[in-house]
Every structure is written in structure tokens, then in C-alpha cells.
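Single-letter residue listing:
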Amino acid sequence: AIDGTKLMDGSFFTEEYCMDQLGISNKIQAKKLIMASRRLIKQQEEYAPGSEFDSSITRGKNYSFVSGQGRVIKAMELAVSSMKVGERAMLACRADYAYGSEGLRTSKGDVMVPPFATLCFDLKLVSATS
């Protein structure tokens, strides 16, 4: 295991560190780890924790969907299915319950949610029909 702050420090997380401290003997594998670390650093700069990518409050319109049709991320489907009308929930979801390795892009290809992002939602179930 590696300390996340070291992973995000480009001057610390070097090929030498990977080979000497992590025991990576294959130079190509070490370079792949360095590239992944640089992508994470870039992602953190572009999409800082707490960045908002969507808000029904900002749009002024509640978000609605039909449960079970695969139109929302898995975390949202699971959370809402266990909620009662009027209930509020703070939801944190791993990438595999959100947009996964693909992330979310606009129709023009701009990144809205980067790949492997952990998402947090403030949900309130305002209505439900069966």
C-alpha cells in the first residue's frame, strides 16, 4: 500500500521510487504506474473534490426517472429504492456504482465526470409512484 499524498506528488512518485520502494522490477510497469499517477494528479487539478457536475436545484427542476430501467447509475437506483417520500440521504458511491472506467462525457466529448470518480450526492425523494 502507498500513501495517497505520495502518489499525488510527482516529484516523489518516480520510476526510482517504484522500482526501489515498491519492488517493481519491470521498467515498463514502473512507467505505467508513473503515467497513472500523473493522470490522477491532472484529474485532481481539473476536478477537485467537491466539484459539482449537476444539480436539480441549480436547474430549478427535480430529476425524475423510472426505477429499474437502467437510466440512472447503480448507486442512485439502490439508494432511491430504499427511501421513503420526504426522506433525505447523503450518498457516496464508488466508481463501479457510478460511471466506472468510462466516466461521463457531454455529447461533444467534454468530460463531466472523470473515469473512476467517486461521487457524492445529496438526495431528497420528493415523490414516488408505483
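Look a little higher up for the structure.
Residues numbered from 1 in each chain as written. Predicted model: local features only at pLDDT ≥ 70, side-chain atom pairs only at ≥ 80, totals over all residues. Heavy atoms only, no water.

Student: What should I look at first to understand the overall build of the protein in this one?
Tutor: Looking only at helices and strands, one finds five helices and four strands in the protein. The order of α-helices and β-strands along the protein, N terminus first, is α-α-α-α-α-β-β-β-β. For a compact globule of 130 residues, the expected C-alpha radius of gyration is about 14 Å, and the protein comes in at 19 Å, more than 25% above that figure. Structurally, the protein occupies a C-alpha span of about 60 × 30 × 25 Å along its principal axes. For the protein, with 130 residues in total, the buried portion stands at 23%. Contacts in the protein between residues far apart in sequence, at least 24 positions, make up 48% of those at least 6 positions apart. Just so you have it, the protein exposes about 9800 Å², and 52% of that area is on carbon and sulfur atoms. (Helix = DSSP H or I, 4+ residues; strand = E, 2+ residues; numbered from the N terminus. Rg over C-alpha atoms; globule rule 2.2 N^0.38 Å. Buried < 20%, exposed > 50% of the residue type's maximum accessible area, 1.4 Å probe, protein only. Contact = heavy atoms within 4.5 Å. Areas by Shrake-Rupley, 256 points an atom, 1.4 Å probe, with all protein chains shown as cover.)

Student: Which parts of the structure should I look at to understand unusual backbone geometry?
Tutor: Among all residues except glycine, the phi angle is most often negative; among peptide bonds, the trans geometry is most common. Even without glycine at this site, Phe-116 takes up a positive phi of about 60°. Mapping Phe-116 onto the fold places it in the loop between strand E3 (111–113) and strand E4 (119–124). Its relative accessible area of 60% is what places Phe-116 among the exposed residues.

Student: How should the nonpolar core be read in this particular structure?
Tutor: When a protein is soluble and globular, its nonpolar side chains tend to lie buried together. Membership of the largest hydrophobic core comes to 16 residues, with the highest contact counts inside it found for Ile-73, Met-76, Leu-91, Cys-93, Leu-119, Phe-121 and Leu-123. At the level of elements, helix H5 (74–81), strand E1 (88–93) and E4 are the ones that each hand at least two residues to this core. Of all the elements, H5 adds the most residues to this core, at four residues. With five residues, the next largest nonpolar core counts Phe-13, Tyr-17, Ala-30 and Ile-34 among its residues. (Core = buried A, V, L, I, M, F, W, Y, C linked by side-chain atoms within 4.5 Å.)

Student: Looking at this structure, I do not really get the packing of aromatic side chains. What am I missing?
Tutor: Given two aromatic rings, one states the distance between the centres and the angle between the planes to describe the pair. Summed over all chains, the structure comprises five aromatic pairs. Relative to Tyr-99, the ring of Phe-53 lies with its centre 6.4 Å away and its plane at 85°, an arrangement referred to as edge-to-face. Remark: Tyr-99 occurs in the loop between E1 and strand E2 (104–105) and Phe-53 occurs in the loop between helix H3 (27–46) and helix H4 (56–59); sequence separation between them is 46 residues. Residue Phe-53 is classed as partly exposed on the basis of its relative accessible area of 26%. Between Tyr-63 and Phe-65, the ring centres sit 6.0 Å apart and the planes meet at 40°, which makes this aromatic pair tilted. (Phe/Tyr/Trp six-rings, centres within 6.5 Å; stacked < 30°, edge-to-face > 60°.)

Student: I'm lost on the side chain of Glu-77 in this one. Help?
Tutor: Topologically, Glu-77 is positioned in helix H5. Despite being buried, Glu-77 has no salt bridge partner; Arg-71 is the closest side chain of opposite charge, sitting 9.4 Å away. Polar contacts involving the side chain of Glu-77 include one to the side chain of Ser-67, which spans 2.4 Å. Once residues within four sequence positions are removed from consideration, Glu-77 is found in contact with Phe-65, Ser-67, Gly-68, Gln-69, Gly-70 and Val-72. (Lys, Arg positive; Asp, Glu negative; His and termini not counted. Salt bridge = Lys/Arg side-chain N within 4 Å of Asp/Glu carboxyl O. Polar contact = N/O pair within 3.5 Å; in protein donor to acceptor, adjacent residues only side chain to side chain.)

Student: Looking at this structure, I do not really get H3. What am I missing?
Tutor: An α-helix turns once per 3.6 residues; consequently, residues spaced three or four apart project the same way. Over its 20 residues, H3 extends 29 Å from the first C-alpha to the last, a length consistent with the 28 Å expected when each residue adds 1.5 Å. Taken together, the buried residues of H3 touch helix H1 (4–7) and helix H2 (15–20). The opening residue of H3, the one whose side-chain oxygen lies 2.8 Å from the backbone nitrogen of Ile-28, is Asn-26. (Expected span 1.5 Å × (residues − 1).)

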